[in-house]
Each structure stands twice: as structure tokens, then as C-alpha cells.
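Listed below, chain by chain, are the residues.
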Amino acid sequence: MDVDKVFHMTGGVGETSYSRNSSLQKKASDMVKHIILETVEEVYLATKPKSIGIADLGCSSGPNTLSNLKDMLDKIECSSRNKLKQPAPEFRVFLNDLPTNDFNAIFQALPKFHQLLKQKRKNDENGGTSSNIYIAAYPGSFYGRLFPDHCLHFIYSSYSLHWLSRVPPGLYDEQGNSLNKNSIYISEHSPSEVSKAYFEQFEEDFSLFLHSRSDELVSGGKMVLILLGREGFSHVDRGNVFFWKILYQALTNLISKGEVEKEKLESYDVHFYAPCKEEIQAAVNVNGCFEVERLETFEIEKAIAKGMSYGTTVAMTVRSIQESMVAHHFGEAIIEDLFQEYGRLVDEEMAKEEIRPITFLLVLRKP
């Protein structure tokens, strides 16, 4: 499966779109917003560029991208006015995701975005500046070069780096058969070769990501990366890994209904990896391109959409992210039943014991 051609968040603004089902991601970024804004301000005050380059890697198509961007621009303009006593810089903003991403949804929201910025400056009691803002889309995988040398000052990526560039090839034998027939990710049923294959793919991808961003950032530039992870070295827990176990169970339940073929399920594996803190730290150290300024763990509060159970909320979120991959492999006909069953199973598990997915916040500085 060619991930670059198939994988994308569900576009548009419909009921099952990522735009309508990304509240969990928004809640996470809001929890660490003060760190994001502190970091972008530190970069600006240290480098004092007349033109500042900012990139959002894995921007998707929901409202979170422009909301986060507005907060960053406001912070820099405020710092320029109050701390440097000089006009704000011009802003070069690069929005990146895979080519199949719904970039149109973002650009259709730009007129409202510019109107909000204009109103903010008008209402600013200190007199806002009128900075030039240039926003462009950069389609492509961030596991490789995207931008010219030394053109960026700040990089932000939220809930993207746990997605691998591909399903690890080490999951299959010489005949192309999956070694992981009883799971779609790492589970207690997986042979040791499976976790090894996932970890090696993560190492390869993350190293390439760091090398590429090092070439694109100026000296003193920084990155804020938010990604899903796990606690400790064990892959079997009731966190992010457990949600894949539930999805596998939901798919298995559809086999008995004749909606999913067993052979199809045995050949399905996800391109995801939840690293632990030690693996992230070690990967950065080996790479040598960046210094770790922060590496913190946090949990999102259990947000429930109005009129929905927690399981349904999670199911709608996961569907908006995974629908393209599931539909490509199993066909679109199973989507409704699959995610209804998935939501039911999540609620059932939550009634037994809490599910605790963790998120990492990583702040890196290029020396």
C-alpha cells in the first residue's frame, strides 16, 4: 500500500470530516499552547528576522491549523511591538501535508482568518501593525526535504510524527505473508519480529525527519513536536496501543457477520508507532542535529461531544483519520458498521477500566 497516495484525513466539513472531529487534537494543543507560544517568541527575539519562516507539518484540513497560526502571529507581533519596539516582521507560512490532503478547505477559510487578524489589530489598544503574511501549501512527505536551506525559523507539528512513512516491510516474510496475523499493530499476540520491525521503521523515519529539518532551519531555530506515545518499554498497555487492539476486535466481529474476509484482516497492518520517551531521546541523541529543550508527557482530559458517549467521540475521531486506509483495504461498505462497533467496544472497555493514552511534547533547538 502506497501510504503517500492513500492516507489522508477525511476532507470537507461534513459530519465525518476531520474538520468536525478534531476536538481531541485541539484540546491537546490548547493544553500546551503556552509552551508553543513561548518557544516561537524565544526564536523570534533571539534571531530578530525581518522575514520569519514558520512551517506546520501535517497540517491536515481542520480549523486547528489556522487557529494555532493566528496565536503564533499574535504572539510575535506583540513581542515585536512591546519588547523590541520595532515593526513586526513579514510572515512566510508553509502548510505541509501529504498530496491527498484537502488543502482547499484550508484556503477557503483564509478570508475569515485574515478578517480575524485585521479585527485583532484594529482592537489592539496599543495600535497593531499591518504585517505582510504569505501562506503557501507544500504537499509532500515530511520524511525528506521539503523546503530550501535555512529558510525556516520555527516548525510546528501536531499529531503527525507517530504516522510512519510506510507499513514496515519487516512485518512480512519472503512470500509477502504477514507475521502479525492476529493483530493490526503490536499486541501480546505479536512475535518479537513485529515490534522490532516497527521500531526500526520509526528510527529510520525519525532520523530522516530530523536531518531534513536541520537543513531547513536557521541556526537557533526550534521545533515543537506533539505526538502520541507510550509509557515504558512494554508495547502492551491500556493507552494508544490499546485503541488498535479494539479496532482489530471490531474488524474481527465483522468477520462473523460476513462483512470482512479473514484473509483481508490477516493482511492488514497499520503504519503507526507509539514511541516511549527513552526511544525519542535516544533517537535525537544519535542523530545529533538538535538539542532537546523539553520532553514532557501529558494526558488529554476525556472530552465528550454533546449527545455522544466517549466511545462514539473516539470512534468519530479515529474514523476521520483512518477511513481512507480502511476503505482502501476493506472497501467502503464496512465503514459505518465498523466504527459503530468500535465506539461500542471503547465504551465497553471504559466501563471495565480506564484507557489512558499519553502524548509527548518535544521541543528541539538547532544549535
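Residues numbered from 1 in each chain as written. Predicted model: local features only at pLDDT ≥ 70, side-chain atom pairs only at ≥ 80, totals over all residues. Heavy atoms only, no water.

Enquirer: Describe the environment of S234, naming the residues involved and giving the relevant values.
Expert: The topology assignment puts S234 in the loop between β5 (217-229) and α8 (240-256). Take S234: its relative accessible area is 44%, and that puts it in the partly exposed class. The spacing of S234 and T359 is 125 residues in sequence and 16 Å in space, taken between C-alpha atoms. (Helix = DSSP H or I, 4+ residues; strand = E, 2+ residues; numbered from the N terminus. Buried < 20%, exposed > 50% of the residue type's maximum accessible area, 1.4 Å probe, protein only.)

Enquirer: Could you give an account of the nonpolar core, naming the residues involved and the relevant values?
Expert: One finds Y185, Y198, F206, F209, M223, L338 and Y342 to be the most contacted residues of the largest nonpolar core, which totals 113 residues. Ranked by residues supplied to this core, first place goes to α8 with 10 residues. Ignoring any residue separated from it by four or fewer positions in sequence, one finds Y185 in contact with N180, S190, V194, Y198, V241, W244, V270, F272, Y273 and A274. (Core = buried A, V, L, I, M, F, W, Y, C linked by side-chain atoms within 4.5 Å. Contact = heavy atoms within 4.5 Å.)

Enquirer: Before we move on, can you summarise the sheet that holds strand β6 (residues 291-298) with the specific residues and values?
Expert: Strand pairing in a sheet takes place through backbone hydrogen bonds and is either antiparallel or parallel in direction. Pairing in this open sheet of seven strands is mixed, and the strands run β3-β2-β1-β4-β5-β7-β6 from one edge to the other. Only two strands of the sheet have a single neighbouring strand rather than two, namely β3 (133-139) and β6. Averaged over all pairs of adjacent strands, the angle between strand axes in this sheet comes to 15 degrees, irrespective of strand direction. Of the strands in this sheet, β5, β6 and β7 (358-365) are in contact with helix α10 (residues 277-287), which crosses β6 at around 170 degrees. (Pairing = 2+ DSSP bridges. Axes fitted to C-alpha atoms, helices over the stretch in contact; angles between N-to-C directions.)

Enquirer: Talk me through the packing of helix α2 (residues 23-31) against helix α4 (residues 64-84); I want residue IDs and the actual numbers.
Expert: Packing of α2 against α4 leaves a shortest axis separation of 11 Å and a crossing angle of 15 degrees. Relative to α4, α2 is oriented roughly parallel. The chirality of how α2 crosses α4 is right-handed. Across the interface between the two elements, Q25, K26 and S29 from α2 touch N64, S67 and N68 from α4. Across the contact of α2 with α4, the residue classes tally to no nonpolar, five polar and one charged. (Parallel < 35°, antiparallel > 145°, perpendicular 65-115°, else oblique. Left-handed = near helix turned anticlockwise from the far one by under 90°. Nonpolar A, V, L, I, M, F, W, Y, C, P; charged D, E, K, R; others polar.)

Enquirer: Which residues make up the pattern of salt bridges, and what values go with them?
Expert: Opposite charge on two side chains lets them pair, provided their charged atoms get close. On inspection of all chains with the given rule, the structure shows 26 salt bridges. Here D30 makes a salt bridge to K26, at a shortest N to O gap of 3.3 Å. Within this pair, D30 and its partner K26 are both found in helix α2, separated by four residues, close to a single helical turn. Taking the relative accessible area as the measure of exposure, D30 reaches 36% and is therefore partly exposed. (Salt bridge = Lys/Arg side-chain N within 4 Å of Asp/Glu carboxyl O.)

Enquirer: Would you mind going over helix α3 (residues 33-47) in detail, with residue names and values included?
Expert: An ideal rise of 1.5 Å per residue puts 21 Å on 15 residues; α3 measures up with 21 Å between its terminal C-alpha atoms. For α3, every residue scored as buried is listed here: I35, I36, L37, T39, V40, E41, V43 and Y44. Positive backbone phi, at 50 degrees, marks K48, one or two positions downstream of α3. (Expected span 1.5 Å × (residues − 1).)

Enquirer: Can you break down the packing of helix α11 (residues 310-330) against helix α12 (residues 335-352) residue by residue, with the values?
Expert: The interhelical angle for the contact between α11 and α12, taken along N-to-C directions, is 140 degrees, at an axis separation of 9 Å. The angle between α11 and α12 falls in the class oblique. The chirality of how α11 crosses α12 is right-handed. Taken together, the residues of α12 that come into contact with α11 (itself represented by Y310, G311, T312, V314, A315, V318, R319, E323, V326 and A327) are I335, E336, L338, F339, Y342, G343, V346, D347 and M350. The class makeup of the residues in the contact of α11 with α12 is 12 nonpolar, three polar and four charged.

Enquirer: Break down the environment of M308 for me, citing the residues and quoting the values.
Expert: Counting through the fold element by element, M308 comes out in the loop between β6 and α11. Accessibility expressed as a relative area gives 29% for M308, which makes it partly exposed. Note: C-alpha distance between M308 and L251 (57 residues apart in sequence) is 22 Å. Beyond its immediate stretch of four places on either side in the chain, M308 contacts T313 and M316.

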